[in-house]
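What the coordinates show
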Amino acid sequence: MEESSAFQEFETKENFTRRRNLLPLWIKIFLWFFLIGGSFAALFFIIGPFLNKIDLSLYGITASHPYTVPGMITALLLIFKGIVAYGL
């Protein structure tokens, strides 16, 4: 005997919608900004010893090199935002 479910209308493949399609366009645009920014921040940690000056700025925190305390905070925030954007 098969029981009917109150959620049966949501269990069909006809109403299948990808989660990516549910996001508004402006969120998709900012996701790409943060993905690119997080990638650049990770790259700055790698090439940081070979460069004299890299201007980083986020939330009013400015730094001229990624290996200073404000630079590490800024770069880690950008990397964190990139991870969150990838998760979305």
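Owing to the predicted nature of the structure, the values given are computational and were not obtained by experimental measurement. (Residues numbered from 1 in each chain as written. Predicted model: local features only at pLDDT ≥ 70, side-chain atom pairs only at ≥ 80, totals over all residues. Heavy atoms only, no water.)

**Some thoughts on the nonpolar core**
The biggest cluster of nonpolar side chains holds five residues, and these are Ala41, Phe45, Leu58, Ala75 and Leu78. If you list the elements that add at least two residues to this core, you get α2 (25-47) and α3 (69-87). (Core = buried A, V, L, I, M, F, W, Y, C linked by side-chain atoms within 4.5 Å. Buried < 20%, exposed > 50% of the residue type's maximum accessible area, 1.4 Å probe, protein only. Helix = DSSP H or I, 4+ residues; strand = E, 2+ residues; numbered from the N terminus.)

**Quick word on the side chain of Thr74**
For Thr74, the location among the structural elements is in helix α3. At 2.8 Å, the side chain of Thr74 and the backbone oxygen of Pro70 are in polar contact. (Polar contact = N/O pair within 3.5 Å; in protein donor to acceptor, adjacent residues only side chain to side chain.)

**Details of the pattern of salt bridges**
Applying the stated rule across the entire model yields one salt bridge. Linking Lys53 and Asp55 is a salt bridge whose minimum nitrogen-to-oxygen distance equals 3.9 Å. (Salt bridge = Lys/Arg side-chain N within 4 Å of Asp/Glu carboxyl O.)

**Considerations on the side chain of His65**
Its place among the elements puts His65 in the loop between β2 (61-63) and α3. Within the structure, His65 has its side chain in polar contact with the backbone oxygen of Gly48 (distance 3.2 Å). Within the structure, the side chain of His65 is placed 3.3 Å from the backbone oxygen of Leu51, a separation counted as a polar contact. In contact with His65, not counting residues within four places along its chain, are Gly48, Leu51, Asn52, Ile54 and Gly71. (Contact = heavy atoms within 4.5 Å.)

**Considerations on unusual backbone geometry**
Backbone geometry places Tyr59, a non-glycine residue, at a positive phi of 55°. Turning to its location among the elements, Tyr59 is positioned in the loop between β1 (56-58) and β2. Classification of Tyr59 by relative accessible area gives exposed; the value is 61%.

**Looking at the environment of Pro66**
In this structure, Pro66 sits in the loop between β2 and α3. Separated by eleven residues in sequence, Pro66 and Asp55 have C-alpha atoms that sit 8.4 Å apart. In this structure, Pro66 is in contact with Phe44, Phe45, Gly48, Ile54, Leu56, Gly71 and Met72, ignoring residues within four places of it in sequence.

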